[in-house]
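Coordinate analysis (summary)
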Amino acid sequence: MRQMGIFVSLGIGYAGVLSLFFLPAVLSRVELPPKPQRTQRSRLTECILAAQKHRTPIIVAFLVIVAVSAYQIPRIEVVSNQLMFFKENSPIRQTFDKVEKYFGGALPLTGEIVSDRGTDTLRDYNFADEILETERELERIPGVKSATSLFDMIAGLNEMATGENDYPENPLIVQRFLMQIDEDIETWVSDDGLRMMIMTEDLDSLDIDRLEEFVAEHPDIRVISGMPVLFDEMNKLVVQSQIQSLGLALVLIFLILLVTIRKLKAALVALIPIVITIAAILGMLVISKFYLNVLTANLSAISIGVGVDYSIHLISGIYYFQKQGLDRKKSIDSALASVSRPVLANAFGLAIGMSALFFSPLRIHMQAASVMWVAMVVSSTAALLLIPIFYSEVHK
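The structure reproduced in this document is the subject of the present report. None of the values given here were measured: they were computed from a predicted structure. (Residues numbered from 1 in each chain as written. Predicted model: local features only at pLDDT ≥ 70, side-chain atom pairs only at ≥ 80, totals over all residues. Heavy atoms only, no water.)

Digging into the overall build of the chain
Check the secondary structure of the chain and you find 13 helices and 5 strands. Taken over the C-alpha trace, the chain has a radius of gyration of 31 Å; the compact-globule value for 396 residues is 21 Å, which it surpasses by more than 25%. Of all 396 residues assigned to the chain, the portion counted as buried reaches 42%. Relative to all contacts within the chain whose residues are 6 or more apart in sequence, the contacts with residues 24 or more apart total 74%. When the accessible surface of the chain is split by element, carbon and sulfur atoms take 61% of a total near 22600 Å². In the chain, the 34 positive side-chain charges and the 42 negative ones have mean positions that sit 28 Å from each other. (Helix = DSSP H or I, 4+ residues; strand = E, 2+ residues; numbered from the N terminus. Rg over C-alpha atoms; globule rule 2.2 N^0.38 Å. Buried < 20%, exposed > 50% of the residue type's maximum accessible area, 1.4 Å probe, protein only. Contact = heavy atoms within 4.5 Å. Areas by Shrake-Rupley, 256 points an atom, 1.4 Å probe, with all protein chains shown as cover. Lys, Arg positive; Asp, Glu negative; His and termini not counted. Charge placed at Lys NZ, Arg CZ, Asp CG, Glu CD.)

This is the structure in structure tokens:
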């Protein structure tokens, strides 16, 4: 995520340098018309100017977007399980589902039983009985299907040999059973304990929290780890980084607007399309049953940085025409006539360019393209339709 932020910033900075220095140098070598041609408003511009006469429906429409998104955002799911990055018809997902169905879990957890005596602990009947009881208690936690260790294997061999569903008290019997599983015993023994395999089923974040509490309450279990625990930790980091990145992005954007525009109220108005865009992106993830993950969280912040350009273009245009002596209304209309086409061309160009990801076999790529579409459409239309309304109200 940090690397993506660095390279995106470098790429945008490089594009800015080219636009400010290289492009003017090229244009200086191009023969331009001696007199500016009279520009005619396009149908697109006429539609936007006509929409400005209906302020109430515009405000209501964007309020509905914010209200629906605010209702849906608490239901957003954070999923960092990389298997969920694939579409449901992907062979990888189908294979994973079959393993889950027939083998009781494709993402097991590994626990470690505290033991400084190694396999000698297996000959201790009292300790074995305590561990077996701990494992049965562990299996009562939601999301845990089974817990298995060498103690269970020896108890199973004892049941097969004697018909008694109990752990053998005689150390010699335990030693005989250990000789039968001698080839596999190393996989169940760690440097300072014994391993335990935990099969899971529909394990969620709350279940993992219960597992952590279980380990804290049972000193004979040192740790429980595995891919589900890693995914859960990644989920928490994604949420934390999303809040931090969006908050930091809004603060930095506000400071940039304040420096460039030099008017507090206008800078605050320029943030309105960005806030609406954030709400629309998160709401779309819930409505479309997508997830907040590493890529969608990053793209949300990146698209906000790209979308703020539209507000800056429009407000800069309004100030430019005001300096030319036009009044407030004519300045807004002239700015819309000048920037509406390039703004929408840029927004839909980026969205269409990302549409190639819809054909990717990865579901996460389809989610990324959807985020970009929502971000570009909402940020551009909100800038062109809302800023003229609020900006004119601010300067009355």
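Looking at the packing of aromatic side chains
Considering all chains together, one arrives at 4 aromatic pairs under this definition. With a centroid separation of 5.2 Å and an interplanar angle of 80°, the aromatic rings of Tyr 320 and Phe 321 are classed as edge-to-face. Given a relative accessible area of 47%, Tyr 320 falls into the partly exposed group. By the ring-pair criterion, three or more aromatic residues cluster together here, those being Phe 127, Phe 151 and Tyr 167. (Phe/Tyr/Trp six-rings, centres within 6.5 Å; stacked < 30°, edge-to-face > 60°.)

Points about the packing of helix H10 (residues 264-287) against helix H11 (residues 294-323)
H11 packs onto H10 with a crossing angle of 150° between their chain directions and a minimal axis gap of 9 Å. One way to sum up the angle between H10 and H11 is to call them roughly antiparallel. Our pair here, H10 against H11, has a crossing hand that is right-handed. Contacts from Ala 266, Ala 270, Pro 273, Ile 274, Ile 278, Ile 281 and Leu 285 of H10 reach H11 at Thr 296, Ser 300, Ser 303, Ile 304, Gly 307, Val 308, Ser 311, Ile 315 and Tyr 319. Here the contact of H10 with H11 is built from residues that sort into 11 nonpolar, 5 polar and no charged. (Axes fitted to C-alpha atoms, helices over the stretch in contact; angles between N-to-C directions. Parallel < 35°, antiparallel > 145°, perpendicular 65-115°, else oblique. Left-handed = near helix turned anticlockwise from the far one by under 90°. Nonpolar A, V, L, I, M, F, W, Y, C, P; charged D, E, K, R; others polar.)

Remarks on a negative patch on the surface
A cluster of acidic residues, Asp 129, Glu 130, Glu 133, Glu 137, Glu 164, Asp 166, Glu 169, Glu 212, Glu 213, Glu 217 and Glu 233, forms a negative patch at the surface. At the level of elements, helix H5 (125-139) and helix H8 (205-217) are the ones that each hand at least two residues to the negative patch. With 4 residues, H5 is the single largest residue contributor to the negative patch. With respect to the helices, strands and loops of the structure, Glu 233 is situated in helix H9 (residues 227-261). Residue Glu 233 is classed as partly exposed on the basis of its relative accessible area of 40%. (Patch = residues over 30% accessible without salt bridge, like charges linked within 9 Å, V, L, I, M, F, W, Y side chains within 5 Å. Salt bridge = Lys/Arg side-chain N within 4 Å of Asp/Glu carboxyl O.)

Regarding a nonpolar patch on the surface
On the surface, a cluster of nonpolar side chains totalling about 650 Å² of accessible area is made up of Tyr 14, Leu 18, Phe 22, Leu 23, Val 26, Leu 27 and Val 30. Along the polypeptide, Tyr 14 turns up in helix H1 (residues 2-27).

Concerning the nonpolar core
Ranked by size, the top nonpolar core spans 62 residues in total, and within it Leu 257 and Met 376 carry the most contacts. Secondary structure elements with two or more residues in this core: helix H2 (43-51), helix H3 (55-72), H9, H10, H11, helix H12 (328-354) and helix H13 (363-394). Per-element accounting of this core gives the leading share, 15 residues, to H13. Each residue touching Met 376, except ones within four places of it in the same chain, is listed here: Ser 303, Val 306, Gly 307, Tyr 310, Ala 347, Leu 350 and Ala 351. (Core = buried A, V, L, I, M, F, W, Y, C linked by side-chain atoms within 4.5 Å.)

Describing the pattern of salt bridges
Scanning the entire structure with this criterion turns up 8 salt bridges. We note a salt bridge from Arg 136 to Glu 139, for which the minimum N-O separation is 3.0 Å. Of this pair, Arg 136 and Glu 139 both sit in helix H5, 3 residues apart, which is roughly one turn of the helix. Using a relative accessible area of 27% as the deciding quantity, one classes Arg 136 as partly exposed. A relative accessible area of 25% places Glu 139 in the partly exposed class. The partner of Lys 329 in a salt bridge is Asp 333, and the shortest N-O contact between them spans 3.0 Å. You can see Lys 329 and its partner Asp 333 sitting in helix H12, 4 residues apart, about one turn around the helix. Taking relative accessible area as the criterion, Asp 333 reaches 19% and is therefore assigned buried. A single salt-bridge network, built from bridges that share partners, covers Glu 135, Arg 136, Glu 139 and Asp 152.

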